[in-house]
Amino acid sequence: MIYLALSVFYLSCCCSQAASGGIQTFVLPHSHMDVGWVYTIQESMHAYAANVYSSVTEELSKAAGRRFIAVEQEFFRLWWDTVATNTQKKQVQQLVKEGRLEFILGGQVMHDEAVTDLEDQILQMTEGHGFLYETFGVRPEFSWHVDPFGASSTTPVLFALAGFNAHLVSRIDYDLKDDMQKEKKLQFVWRGSSSLKEKQQIFTHIMDQFSYCTPSHLNFSNSSGFYWNGVALFPDPPKDGVYPNMSLPVTKETVHAYAQVMVENIKQRAAWFRTNHVLWPWGCDKQFYNSSVQFNNMDPLMKYINQNSQEFGVTVQYASLSEYFQAVHQSDLVWEQRGSEDFLPYSTEPYQAWTGFYASRNVLKGVARQASSQLHAAETLFTRYRLTFPDGPVAKDWALDKLRALRWAVSEVQHHDGITGTESPKVADMYVQHLVQGMMGVEELLAALFLLPHNLDMSSVLDSGYHRKGVHQTLGQHVIVYNPLAWNITTIINVTVTFQNATVFDDEGRPVPAQIQTSAQSNVTFDLFMLVELGGLQHRKYLIKFSDRKCAGRSKCGWTYAAKGVRFERRSVPDWTRTGRRLLPVLNECYKLMFDQDTNLLHSITYLEEKRSVRVSQDFWEYHANGDVKAGPISDNYIFSSNGSAVRAYQAVEMEIIPGKIVSEIRQYFYREKNDEDYAYSITTRVPECFGTTLRCHRLEQTYSLGSLLLNTEVVLRTSTDLKSNRTLYTDDNGYQMMKRPYREFINNTLARNYYPMVRTAYIEDDLSRLVLLSDRAHGVSSQASGQLEVMLHRRLWNNLPWNLGYNLTLNDSSVVRPTLWMMLGSISTTSRLYQREAVELQHRPVIMPIDQPQKPWPEKKPRGRSAVRSVVLPPNLHLLSLSIPGWNYSSDHDVHLGHIHSGEDLHSEPDFDRVLLRIIHLFEEGDDPELSKPVTVNLKEVLQSVGEVKVLEERSLTGTWNISSLQRWKWKTVDNLETENKGCERSGNETFTVTISPKEIRTFFIHFGSNDF
């Protein structure tokens, strides 16, 4: 109580002095703790991270006026679970209760904003927020995005949906920040979605040029200032406690000089903001591992400044971020508003455009998205299993452990030095290892969910199809295919097999249309394409029968077509004197693709719906990077800086076309030199042959192979058309919304500064046509010429910059990468209806699980028929973002939950397996389509009736920690006087379970189901 009284006196004293005309300074102690980057998680925990929380807990408990903000949860949770004593946990509980230790942001990591996907951002926030709320009953209300390389306009929308009152960023273009400082425009109200507008606006603070680190230059010392604990040492902390570059102590002799430096910086910052409240971050990377020496020096310095506040015109106080924003909010100013424009790309200097990381470590980006997709599938399948078979043989605790391990790994890699590809090789290996281990665990779970139904009747899973008497005994393999989307789909899947003859049967014993051909990746395997129809969240079992004998007619071959390829001779670039004379068509119901036999390249595409032909060609180009810092700007993990325009990356092209009845495949091989034996790059284009089926024909699936690259090359896929696009590009922000990217001219580095991140979608268009590319992972994209769209697919770099060499950040990535893009061409109206859903379908392709090896057939049995699992289907403009059992155990009533936490009871909670988390997103923006952009009203009880009987539906904030009815975010005055509105669950009459979802809305619910009759 004495400490609390002193704290109140201390704060009120400072506030009264500031009110008299001085500058009120909020000193914010923090430590920026990268979840990865140069050192692995284990190395960082050992060297400094665990000591941060141990020493901060001890020092905050000594003086009530001290504060500290904790940001990323991964390190804190590791400390809490593996290091913290019971005494320390009780101290933390008290510090959190008093607001002296404040959790801000609260996600597992500080996620990147350029190359992360919306679904993964939400996941990592939900994981961190769930832990904090269950453990402490707190819900972060402020962001701290100080280090991501540029700022997306999706992020403020998500933070508003999570219940945040203010958003803080730092890294934006250096020249833009300079202008905003001069004009005092670093603070504004951001309406990140052009569809949601004021509904989810949020007050935003951009840090000034000093960013999140304390200015370290002292004019009276050779050591850095304000970092009294020095610089963290790896791999082991020093036994004597003496670290490198420890700041000069604050003494009677140095305190005035320190005060002058600090006050001068405070006043410099104050000139850039509209209020007399200055945020003064005290800390930087890897700080406060020895909090005692930090606070014991800052305490007397701040006391000295306050004792001489009349002379300095400044007061200082330790503060949490909430205390700073409360002061700004109470200033009651009218703020400018910002629309949905983002702050991408990001540059720090004229020749330092941070656009290279959009494509760095392509393999890591791909594995991260693959893991995310698998997690989504497993979450939905486990939720259905638990509700249908609550006492089934798949142990719920075991299953939740598997899911949590992959949630952790997918969350972890979203770090701004993770999925960005900007980490050291050993950290990249760590991310991949955690992802792969998590995926292997979830594969075990999927197998158990498929193979262990409630009655343990294995034959119900393995027996499929029937075997005619007298027929040659073939080998059989069973494959389960699961659709993780809440839409009915008809699609083509590919199963790699080792037999050249195969027939396919569904779970009712009927033959399935299929096609088999030599694999594009191997001469000893075959691609078996199968046409599958699946309901939403439904799985089906297929039987593949193999034979070494060739088929003799349809009766023996079922519906499988054996496709054969036609190879075209290699064409070298110098021989391309006359082209376009010999064009070869490949057709389906949507397109006519013309390939030029003189070049072996794509020549044009006609979209048949409007009979409009567009010249289209695709090939590979490369930028050459400088590796010598003395010779000019360099490219590295982060930065793209080319020596000049891109040059052709090949000298000859071969082509093979495989006409099919399920899919026609065009394989193009690009050779660096015309006589090379091995190709350097390839494009495999699959054109669906969907005559007479419900398969959509607009999707041209392309897979590429690149690598190993030559050193200091950055390779792009260039798609050139005759569209009059004027170099204007459209790219997505995190898979949430599209951003218009007009080509911009700069004094320096124009090429690199016109690169943008593509997470899911990019397109170019003119008045008549639009060319769309959809991606299975993030890339960098640009339009360097009208009608041109280039995608950077791979980078391999080395340079001699000492900083890069010291931290092993040169990106000498020798891997072979195989990304996938889907291409669509058509009118603007047609593509507007399609691309959002197609992008989701690419992200969440069917899960294909062979459940046995090819073997002799089981004893003959009559087909058992299709699975009784009924489908879950949403309207075409709504997407099921989440259907999961989070496991966090807390009361939906906030007061009840706080009472439990503060009662002193055992803090350990058993997982809650009855609460289901549901999220639904409206995929379309206002104006995208006359029908699909309308609000959609659905009855969730009816939509989910095949899952179970919905008994309770409660709308929550994005991460689930707020009941939406009690969430009252701060209102900020803007020039048009619009204020934030929070719309609850809209109901129609007595239809308790009916909700209306507007364009770009994300609605989150807790659901409790009744007993299931299945």
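This one's a predicted model, so the numbers in the text were calculated from it and none came from an experiment. (Residues numbered from 1 in each chain as written. Predicted model: local features only at pLDDT ≥ 70, side-chain atom pairs only at ≥ 80, totals over all residues. Heavy atoms only, no water.)

### Focus: the overall build of the protein chain
Regarding its fold elements, the protein chain presents 21 helices and 44 strands. The C-alpha atoms of the protein chain give a radius of gyration of 30 Å, which matches the 31 Å a tight globule of 1014 residues would have. Each principal axis of the C-alpha distribution contributes one length, and for the protein chain these read about 100 × 70 × 60 Å. Every one of the 1014 residues in the protein chain was classed for burial, and the buried ones make up 64%. Once local pairs closer than 6 in sequence are excluded, the contacts in the protein chain between residues at least 24 apart make up 76%. A total accessible area of about 37,500 Å² is found for the protein chain, and carbon and sulfur atoms account for 50% of it. Separation of charge centres in the protein chain, based on 100 positive and 114 negative side chains, amounts to 5 Å. (Helix = DSSP H or I, 4+ residues; strand = E, 2+ residues; numbered from the N terminus. Rg over C-alpha atoms; globule rule 2.2 N^0.38 Å. Buried < 20%, exposed > 50% of the residue type's maximum accessible area, 1.4 Å probe, protein only. Contact = heavy atoms within 4.5 Å. Areas by Shrake-Rupley, 256 points an atom, 1.4 Å probe, with all protein chains shown as cover. Lys, Arg positive; Asp, Glu negative; His and termini not counted. Charge placed at Lys NZ, Arg CZ, Asp CG, Glu CD.)

### Considerations on the environment of Asn 800
Inspection of the secondary structure puts Asn 800 in the loop between β36 (788-796) and α18 (802-807). Exposure remark for Asn 800: the relative accessible area of 25% places this residue in the partly exposed category. A sequence separation of 88 residues divides Asn 800 from Trp 888, and the C-alpha atoms of the two residues are 48 Å apart. If we skip the residues at most four places from it in the chain, Asn 800 touches Gly 627, Asp 628, Val 629 and Leu 805. Looking at Asn 800, its side chain comes within polar contact range of the side chain of Asp 628, at 3.0 Å. (Polar contact = N/O pair within 3.5 Å; in protein donor to acceptor, adjacent residues only side chain to side chain.)

### Considering a nonpolar patch on the surface
Among the surface-exposed residues, Leu 711, Trp 798 and Leu 805 lie close enough to one another that they form a single nonpolar patch of about 270 Å² accessible area. Summarising the element assignment, Leu 805 is placed in helix α18. (Patch = residues over 30% accessible without salt bridge, like charges linked within 9 Å, V, L, I, M, F, W, Y side chains within 5 Å. Salt bridge = Lys/Arg side-chain N within 4 Å of Asp/Glu carboxyl O.)

### A short note on the layout of surface pockets
As a volume, the second largest pocket reaches approximately 1,200 Å³. Listing elements by their share of the lining of the second largest pocket, those giving two or more residues are α7 (174-182), β10 (347-349) and α18. Of the residues forming the lining of the second largest pocket, the biggest block, four residues, is contributed by α7. A breakdown of the residues in the lining of the second largest pocket according to their chemical character gives 25 nonpolar, 14 polar and 11 charged. (1 Å grid on protein atoms, 1.4 Å probe; cavity = no way out; pocket = protein on both sides within 12 Å on 5 of 7 lines; lining within 4 Å. Points joined across faces, edges and corners; volume = space filled by probe spheres on them. Nonpolar A, V, L, I, M, F, W, Y, C, P; charged D, E, K, R; others polar.)

### Some details on the pattern of salt bridges
The full count for this structure, using the stated rule, is 57 salt bridges. Glu 59 is paired through a salt bridge with Lys 62; the nearest N and O atoms lie 3.0 Å apart. Here Arg 741 makes a salt bridge to Asp 733, at a shortest N to O gap of 3.4 Å. With respect to class, Arg 741 is no different from Asp 733; both count as buried. Within the structure, one salt-bridge network assembled from shared partners comprises Asp 527, Arg 567, Arg 570, Glu 654, Glu 656, Glu 665, Arg 667 and Arg 686.

### A word on the sheet that holds strand β12 (residues 475-482)
The four strands are arranged β14-β17-β12-β38 in an open sheet whose pairing can be described as antiparallel. The open sheet terminates on both sides in strands that have one partner only, identified here as β14 (501-505) and β38 (847-850). Going across the sheet, the axis of each strand differs from the next one's by a mean of 25°, ignoring polarity. Note that β12 and strand β17 (residues 539-547) share eight bridges and pair antiparallel. Paired with Tyr 482 across the strands is His 539, a residue of β17. Here helix α14 (residues 425-451) sits on the sheet and contacts β12, β17 and β38; the angle it forms with β38, its principal contact strand, is near 75°. (Pairing = 2+ DSSP bridges. Axes fitted to C-alpha atoms, helices over the stretch in contact; angles between N-to-C directions.)

### Some points on the state of the cysteines
Inspection of the entire model under this criterion finds two disulfides. Linked covalently through their sulfurs, Cys 213 and Cys 284 form a disulfide whose S-S length is 1.9 Å. Across the S-S bond of Cys 213 and Cys 284 the torsion is about 60°, and the bridge reads as right-handed. Of this pair, Cys 213 sits in the loop between β6 (202-206) and α8 (255-270) while Cys 284 sits in the loop between β7 (277-282) and α9 (291-307); the two residues are 71 residues apart in sequence, bridging distant segments of the chain. (Disulfide = S-S within 2.5 Å.)

### Here's the deal with empty space enclosed by the protein
With the rule as written, the count across this model stands at 11 cavities of 30 Å³ or more. Together, 19 residues line the largest cavity, and Glu 119, Leu 123, Leu 881, Ser 882 and Arg 919 are the ones closest to its centre. Breaking the lining of the largest cavity down by element, the ones donating at least two residues are α5 (118-136), α12 (362-388), α13 (396-412), β39 (878-884) and β40 (916-922).

### Examining the pairing of β39
When you tally the buried positions in β39, you get seven out of seven residues, the bulk of the element. The pairing of β39 with β40 spans six bridges and is antiparallel. In the sheet register, Ser 884 faces β40, and the bridge partner there is Leu 917.

### Regarding the nonpolar core
Core analysis: the biggest nonpolar cluster contains 195 residues, and Trp 144, Phe 226, Met 262, Trp 282, Met 298, Leu 301 and Ile 1002 have the highest contact counts within it. Counting residues per element, this core draws most heavily on α14, which supplies 12 residues. (Core = buried A, V, L, I, M, F, W, Y, C linked by side-chain atoms within 4.5 Å.)

### Some points on the packing of α5 against α13
Running from amino to carboxyl end, α5 crosses α13 at an angle of 115°, the nearest separation of the two axes being 9 Å. The two elements α5 and α13 meet at a crossing, and its hand is left-handed. Contacts between α5 and α13 involve Asp 120, Leu 123, Gln 124 and Glu 127 from the former and Arg 407, Val 410 and Ser 411 from the latter. Looking at the contact of α5 with α13, its residues break down into two nonpolar, two polar and three charged. (Left-handed = near helix turned anticlockwise from the far one by under 90°.)

### Focus on the packing of aromatic side chains
What describes a pair of aromatic rings is the distance from one ring centre to the other and the angle between the planes of the rings. Following the criterion strictly, the structure yields 65 aromatic pairs and no others. Ring plane angle 80° and centroid distance 6.1 Å describe the contact between Phe 203 and Phe 325, whose orientation is recorded as edge-to-face. You can see Phe 203 sitting in strand β6 and its partner Phe 325 sitting in helix α11 (residues 321-330), a full 122 residues away along the chain. Between the aromatic rings of Phe 640 and Tyr 755, the centroid separation amounts to 5.3 Å while the plane-to-plane angle is 80°, which identifies the pairing as edge-to-face. Highlighted residues: Phe 640 in the loop between β23 (612-624) and β24 (647-648) and Tyr 755 in the loop between α17 (750-753) and β32 (756-758), separated in sequence by 115 residues. In this structure, Phe 640 and Tyr 755 share a single accessibility class: buried. A connected cluster of aromatic rings, assembled from ring pairs, spans Phe 68, Phe 220, Phe 226, Trp 228, Tyr 258, Trp 280, Trp 282, Phe 288, Phe 295 and Tyr 318. In this structure, Arg 718 packs its charged tip against the face of Trp 621, placed 4.6 Å from the ring centre. Here the guanidinium or amino end of Arg 915 rests over the ring plane of Tyr 890, the centre of that ring lying 4.8 Å away. (Phe/Tyr/Trp six-rings, centres within 6.5 Å; stacked < 30°, edge-to-face > 60°. Lys NZ or Arg CZ within 6 Å of the ring centre and 35° of its normal.)

### Notes on α9
Along its 17 residues, α9 runs 24 Å from first to last C-alpha, staying within 8% of the 24 Å computed at 1.5 Å per residue. All of the buried residues along α9 are Ser 291, Val 293, Gln 294, Phe 295, Asn 297, Met 298, Leu 301, Met 302, Ile 305 and Asn 306. (Expected span 1.5 Å × (residues − 1).)

### Points about the sheet that holds strand β13 (residues 489-497)
Pairing is mixed across the open sheet formed by four strands, whose spatial order is β13-β16-β15-β18. Here the strands that pair on one side only, and so sit at the sheet edges, are β13 and β18 (560-562). The average angle at which neighbouring strand axes cross in this sheet is 25°, direction not considered.

### Considerations on the environment of Asn 963
Secondary-structure assignment places Asn 963 in the loop between β42 (950-956) and β43 (994-997). For the pair Asn 963 and Phe 1006, spaced 43 residues apart in sequence, the C-alpha separation works out to 9.4 Å. Not counting residues up to four positions away in its chain, the partners in contact with Asn 963 are Glu 954, Glu 955 and Arg 956. Within the structure, the side chain of Asn 963 is placed 3.0 Å from the side chain of Glu 954, a separation counted as a polar contact.

### Quick word on the side chain of Thr 959
With respect to the secondary-structure elements, Thr 959 resides in the loop between β42 and β43. Among the polar contacts listed, one links the side chain of Thr 959 to the side chain of His 129, at a separation of 3.0 Å. Non-local contacts of Thr 959, meaning those with residues more than four positions away in its chain, are made with Met 125, Thr 126, His 129, Ala 162 and Arg 919.

### What to know about the packing of α5 against helix α20 (residues 894-901)
Viewed as axis vectors pointing N to C, α5 and α20 meet at an angle of 65°, and their least axial separation amounts to 8 Å. Here Tyr 133, Glu 134, Thr 135 and Phe 136 of α5 lie close against α20, whose contacting residues are His 894, His 897, Leu 898 and Ile 901. Residue composition of the contact of α5 with α20, grouped by class: four nonpolar, three polar and one charged.

Scope: geometric values only; no functional claims are made or implied.
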